[in-house]
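So you can see what is in the structure, the chains are spelled out below.
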Amino acid sequence: NAGVMQNPRHLVRRRGQEARLRCSPMKGHSHVYWYRQLPEEGLKFMVYLQKENIIDESGMPKERFSAEFPKEGPSILRIQQVVRGDSAAYFCASSPNLPGSHEQYFGPGTRLTVT
Amino acid sequence: DAKTTQPPSMDCAEGRAANLPCNHSTISGNEYVYWYRQIHSQGPQYIIHGLKNNETNEMASLIITEDRKSSTLILPHATLRDTAVYYCIVRVGFGAAGNKLTFGGGTRVLVKP
């Protein structure tokens with residue numbers, strides 16, 4: 001059973017370009033979460049999605065950032081017009097849709113560098 | 001979610017038990033205590049969680065005080081691969097509100113040979 005997969009693992013973008021980060025949850029998991037870790041800082045929650053629905057986006061910046069989890073395919077975190085401050089590691093996690101399920105399983109992360 | 005307080009760092013000798021404390025004095029009755037760790041540059045890894053009772057799994061043991069205001073994660077036989085930042089997190093364990101993990105600064109554990 002493959003774990004959470006994220007790609008690309010490393011992404012370099014110039015200021016003003018778009019960044020698309022992909023996350024494939026573990027098989028059978030229908031909940032996806034995105035977290036961001038700025039250099040030398042802790043992880044910060046960004047958004048929580050279920051299939052075709054955004055449940056909690058309280059940690060998402062209001063502009064330039066969007067997330068989706070379509071019925072088919074991976075979850076996508078999209079950052080438009082990237083700036084240097086967007087350089088960070090972006091982690092995706094998934095959990096099963098089971099009553100009482102507690103754990104979140106994290107992927108290896110995508111390291112975004114904005115030049 | 002209730003806040004947690006952890007020491008910023010601690011050293012541990014390889015092969016010895018590592019005892020990681022966490023204070024969560026404002027924890028609510030329906031909030032669980034979770035522990036995750038992040039080995040350098042990797043995604044966080046779930047370790048263990050508990051509500052009231054002590055818990056043990058293949059990775060660690062979790063001891064929660066009777067008043068639930070603090071807990072201790074025990075790594076019974078620390079190895080060099082246990083060097084990581086350990087996060088103690090308190091949150092409701094169900095519903096939409098229970099799905100967001102709020103990471104603090106954690107404890108940076110260095111296991112020394």
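Criteria and thresholds
- Residues numbered from 1 in each chain as written.
- Chains lettered and ligands numbered in written order.
- Predicted model: local features only at pLDDT ≥ 70, side-chain atom pairs only at ≥ 80, totals over all residues.
- Heavy atoms only, no water.
- Phe/Tyr/Trp six-rings, centres within 6.5 Å; stacked < 30°, edge-to-face > 60°.
- Helix = DSSP H or I, 4+ residues; strand = E, 2+ residues; numbered from the N terminus.
- Buried < 20%, exposed > 50% of the residue type's maximum accessible area, 1.4 Å probe, protein only.
- Pairing = 2+ DSSP bridges.
- Axes fitted to C-alpha atoms, helices over the stretch in contact; angles between N-to-C directions.

> I keep staring at the packing of aromatic side chains and nothing clicks. Help me out?
The way to describe two aromatic rings as a pair is by their centre distance and the angle between their planes. One pass over the full model with this rule turns up 10 aromatic pairs over all chains. Judged by centre distance (4.9 Å) and plane angle (15 degrees), the rings of Tyr33(A) and Tyr48(A) are stacked. Of this pair, Tyr33(A) sits in strand S4 (residues 29-37) while Tyr48(A) sits in strand S5 (residues 43-50), placing them 15 residues apart in sequence. Neither Tyr33(A) nor Tyr48(A) differs from the other in exposure class; each is buried. Both rings, one in Phe106(A) and one in Phe103(B), keep their centres 6.2 Å apart while their planes meet at 75 degrees; by these two values the pair is edge-to-face. Of this pair, Phe106(A) sits in strand S10 (residues 105-106) while Phe103(B) sits in the loop between strand S8 (84-92) and strand S9 (107-112), on two different chains. A relative accessible area of 5% means that Phe103(B) is categorised as buried.

> How should the sheet that holds strand S7 (residues 65-68) of chain A be read in this particular structure?
All names here are of chain A. Pairing is antiparallel in the open sheet, where 4 strands are placed in the order S1-S3-S8-S7. Edge positions in the sheet fall to strand S1 (5-7) and S7, since each of these pairs with one other strand and no more. Strand-to-strand twist across the sheet, computed as the mean angle between neighbouring axes with direction ignored, equals 15 degrees. Alignment of S1 against strand S3 (residues 19-24), held across 3 bridges, turns out to be antiparallel. Following the sheet pairing, Gln-6 is matched in S3 by Cys-23.

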